[in-house]
Amino acid sequence: MTMMQDRQECSRQSCRWTGVYAEMVNQPNGDGFSSTFVCPKCGCDSFYVIDKPIESERVNHANRLIKLIATHGRKFLSHENKIAHMELGKGGKVFYVDAYTRRRVYTNREHIQWSGLSEGGTMQSLISHLKRYILDGTPIDKRLIAPKCFREDGSNIWGYDPVEADKLREQAFKLPMFQEV
Ligand SMILES: [Zn+2]
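Residues numbered from 1 in each chain as written. Predicted model: local features only at pLDDT ≥ 70, side-chain atom pairs only at ≥ 80, totals over all residues. Heavy atoms only, no water.

1. Looking at the overall build of the protein
Check the secondary structure of the protein and you find 3 helices and 12 strands. By principal-axis analysis of the C-alpha atoms, the protein measures approximately 65 × 35 × 30 Å. Counting across all 181 residues of the protein, residues that qualify as buried make up 40%. Accessible surface computed for the protein: about 10,500 Å², of which carbon and sulfur atoms make up 49%. On the protein, the mean spot of the 26 positive side-chain charges and the mean spot of the 22 negative ones are 3 Å from each other. (Helix = DSSP H or I, 4+ residues; strand = E, 2+ residues; numbered from the N terminus. Buried < 20%, exposed > 50% of the residue type's maximum accessible area, 1.4 Å probe, protein only. Areas by Shrake-Rupley, 256 points an atom, 1.4 Å probe, with all protein chains shown as cover. Lys, Arg positive; Asp, Glu negative; His and termini not counted. Charge placed at Lys NZ, Arg CZ, Asp CG, Glu CD.)

Okay, structure coming up:
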């Protein structure tokens, strides 16, 4: 039996939205009493249950970093208050669940464009580093977080407000995945 809190994935290949029933659209069937849950992205009414992610301390660290990035400056890795997150699946598969597309983006293959990713190359690169950290504990270079571009105004490559970027870095570097440079 399908539980209301089970995570579902939209059956439509071009969509693959993931979420729970509470986030779907409950559409009346027109008969005056019944309704059908449909995908909020594509309107499809066919879903399947996906496995619960594997619990992992390093995934939690990665997700704390994502949350910091998503709550500072230009709020990368988020969309309309929804924050992206990473998941570890069976067989060492690492997924990035995109805040905009809501798809589970498969991250193990690097240097190709990932389908379902709404972020640009800079964020894809950072997510690749997080994937490596999740899989084997490879530390993350501090220079990957809102790197300063050595301009006099203290601006950074991400275009984050300098004060926000400083706050982000200060909090991020308390997380255990960074190496000193
Ligand atoms: Zn869909």
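2. Some words on the coordination of the zinc ion
Donor atoms from the polypeptide that coordinate the zinc ion comprise Cys10 (SG), Cys15 (SG), Cys39 (SG) and Cys42 (SG), at 2.3 Å from the metal. Considered as a linear motif, the donors of the zinc ion on their single chain read C-x4-C-x23-C-x2-C. Given a relative accessible area of 3%, Cys39 falls into the buried group. For Cys42, a relative accessible area of 25% translates into the label partly exposed. (Donors = N, O, S within 2.8 Å, 3.2 Å for Na, K, Ca; no water.)

3. Here we look at the pattern of salt bridges
According to the stated counting rule, one finds 11 salt bridges in the structure shown. Two residues, Arg102 and Glu23, come together in a salt bridge whose shortest N-O distance is 2.9 Å. Of the two residues, Arg102 is situated in the loop between strand E9 (94-97) and strand E10 (104-106) and Glu23 in the loop between strand E2 (18-19) and strand E3 (25-28); the sequence distance between them amounts to 79 residues. For Glu23, a relative accessible area of 29% corresponds to the partly exposed category. Three or more residues are tied together by salt bridges with common partners; here these are Glu23, Lys82 and Arg102. (Salt bridge = Lys/Arg side-chain N within 4 Å of Asp/Glu carboxyl O.)

4. Considering the packing of aromatic side chains
Applying the stated criterion across every chain yields a total of 6 aromatic pairs. Their ring planes at 65 degrees and their centres at 4.9 Å tell us that Tyr21 and Phe37 sit as a pair that is edge-to-face. Remark: Phe37 occurs in strand E4 (residues 35-38) and Tyr21 occurs in the loop between E2 and E3; sequence separation between them is 16 residues. When its relative accessible area of 26% is taken as the criterion, Phe37 is described as partly exposed. Taken together, a centroid distance of 5.8 Å and an interplanar angle of 50 degrees make the contact between Phe76 and Trp158 tilted. Of this pair, Phe76 sits in the loop between helix H1 (57-70) and strand E6 (78-79) while Trp158 is found in the loop between strand E11 (140-141) and helix H3 (162-172), placing the two residues 82 residues apart along the sequence. (Phe/Tyr/Trp six-rings, centres within 6.5 Å; stacked < 30°, edge-to-face > 60°.)

5. Comments concerning the pairing of E9
A two-sided burial pattern is seen for E9, the buried positions comprising Val94 and Tyr96 on one face and Phe95 and Val97 on the other. Bridging between strand E8 (residues 85-88) and E9 involves 4 bridges; their strand directions are antiparallel. Bridge pairing in E9 links His85 to Val97. Connecting E8 to the next strand, E9, in antiparallel fashion are 5 residues, including Gly91 with a positive phi near 70 degrees. Pairing geometry for E9 and E10, over 3 bridges, is antiparallel. Within E10, the position partnered with Phe95 by the bridge is Tyr106. Here E9 folds back onto E10 in antiparallel fashion, the turn holding 6 residues, of which Arg102 has a positive phi close to 60 degrees. (Pairing = 2+ DSSP bridges.)

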